[in-house]
Amino acid sequence: ELGPYEVSDNPDGTDINPNLYGLGIAADGTVYVADAGGNTIYKIAPDTGEFSLFAVVPNLTDLTGATPTAEEAAMQPGPRQPVPTSVAIAPDGTITVVLLSESWNGPSVLDYQADGSYVARATDPLSMIVDATYGPDGLLYVSQLTADFSGEMPAPGAVYRIGTDGTATPVVEGLFFPHGIAFHPQSGNLFVTTNSIISAPDAPLGMLVRFDGIATPAA
């Protein structure tokens, strides 16, 4: 039960809003859980189920050192919350956390070490990131819920490959509210859930879609 800890301790000091969202499992079985509402990452021991606070994700203003635009400030006064949505474990054990960072052109990928220290990965600006996983090619892939949520009809989202130089390259585009992503480890086929929050007009209420050969396994 992680929600009561957010209610009693409120680690990030903002609104009390437990909202467990995504998780990653390390090679030793340790589970890392992103609390999107609490802006925290929890660490759970696989043998006992006991949890500890692994990290409080810094707000976007402190993370980027940037002053929000007038539009950003009007959307959410005060320090902008990062909203961590997913955790992915890199092949070398790095604990990668991705952020929703709605309407904010700044880092949306943080690489944590086991001691809780982090480095903001220099990537192309992306927002509305809701899931992440490492492919069999060893690279990070993230799903973008929508490219623009401001219009009457949200713009399509996409799945991006994050290169070693930080370049974000779309590998699948034109998806309506894509969310969870996973790879088949041998084939490199990508599986994506779409129509995740609401469905497109005349579309099924949620779909699981396969895209073949997206991530060629590393030799």
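Our subject is the structure that appears above.
I will try to describe carefully the structure that is included in this document. (Residues numbered from 1 in each chain as written. Predicted model: local features only at pLDDT ≥ 70, side-chain atom pairs only at ≥ 80, totals over all residues. Heavy atoms only, no water.)

The subject of this paragraph is the sheet that holds strand β3 (residues 40–44). One open sheet accounts for four strands, arranged β1-β2-β3-β4; its pairing is antiparallel. Here the strands that pair on one side only, and so sit at the sheet edges, are β1 (20–25) and β4 (51–56). Mean inter-strand twist for the sheet, computed between neighbouring axes without regard to direction, equals 25 degrees. (Pairing = 2+ DSSP bridges. Helix = DSSP H or I, 4+ residues; strand = E, 2+ residues; numbered from the N terminus. Axes fitted to C-alpha atoms, helices over the stretch in contact; angles between N-to-C directions.)

Side chains bearing opposite charge may pair, as long as their charged atoms lie close to each other. The final tally for this structure, using the stated rule, is two salt bridges. Asp111 is paired through a salt bridge with Arg121; the nearest N and O atoms lie 3.0 Å apart. Taken as a pair, Asp111 in strand β7 (residues 109–112) and Arg121 in the loop between β8 (118–120) and β9 (129–134) lie far apart in primary sequence, 10 residues in all. Residue Asp111 is classed as buried on the basis of its relative accessible area of 15%. Note on Arg121: relative accessible area 18%, which makes it buried. (Salt bridge = Lys/Arg side-chain N within 4 Å of Asp/Glu carboxyl O. Buried < 20%, exposed > 50% of the residue type's maximum accessible area, 1.4 Å probe, protein only.)

Looking at the element boundaries, Ser8 is found in helix α1 (residues 3–9). Within the local environment of Ser8, its side chain forms a polar contact with the backbone oxygen of Tyr5, the two atoms lying 3.3 Å apart. (Polar contact = N/O pair within 3.5 Å; in protein donor to acceptor, adjacent residues only side chain to side chain.)

Let us now look at the packing of aromatic side chains. Aromatic rings in a pair are described by how distant their centres are and how their planes are angled relative to each other. Applying the stated criterion to the full structure yields eight aromatic pairs. Ring pairs connect the aromatic residues Tyr32, Phe54, Tyr112 and Tyr118, which therefore count as one cluster. (Phe/Tyr/Trp six-rings, centres within 6.5 Å; stacked < 30°, edge-to-face > 60°.)

Before going further, it helps to examine the environment of Phe51. As for its placement among the helices and strands, Phe51 is situated in strand β4. Sequence spacing of Phe51 and Thr30 is 21 residues, and the spatial spacing of their C-alpha atoms is 9.9 Å. Here Phe51 is in contact with Glu1, Leu2, Tyr5, Tyr42, Lys43 and Ile44, once residues within four sequence places are set aside. (Contact = heavy atoms within 4.5 Å.)

It is worth spelling out the pairing of strand β12 (residues 168–175) at this point. When strand β11 (residues 157–162) meets β12, the two strands line up antiparallel, connected through five bridges. Bridging across to β12, Arg161 finds its partner in Thr169. In this structure, the hairpin formed by β11 and β12 is closed by a connection of five residues, where Gly166 is found at a positive phi of approximately 90 degrees.

The next point concerns unusual backbone geometry. If you check the backbone angles, Asn10 has positive phi at about 45 degrees while not being a glycine. Its identity as a non-glycine residue notwithstanding, Met128 has a phi of 65 degrees, on the positive side. Relative to the helices and strands, Met128 resides in the loop between β8 and β9.

Moving on: the side chain of Asn195. Inspection of the secondary structure puts Asn195 in the loop between β14 (190–194) and β15 (207–211). Of note is the side chain of Asn195, whose polar atom sits 2.9 Å from the backbone oxygen of Pro204. Excluding anything up to four places from it in sequence, Asn195 contacts Phe176, Phe177, Ala200, Ala203, Pro204, Gly206 and Met207.

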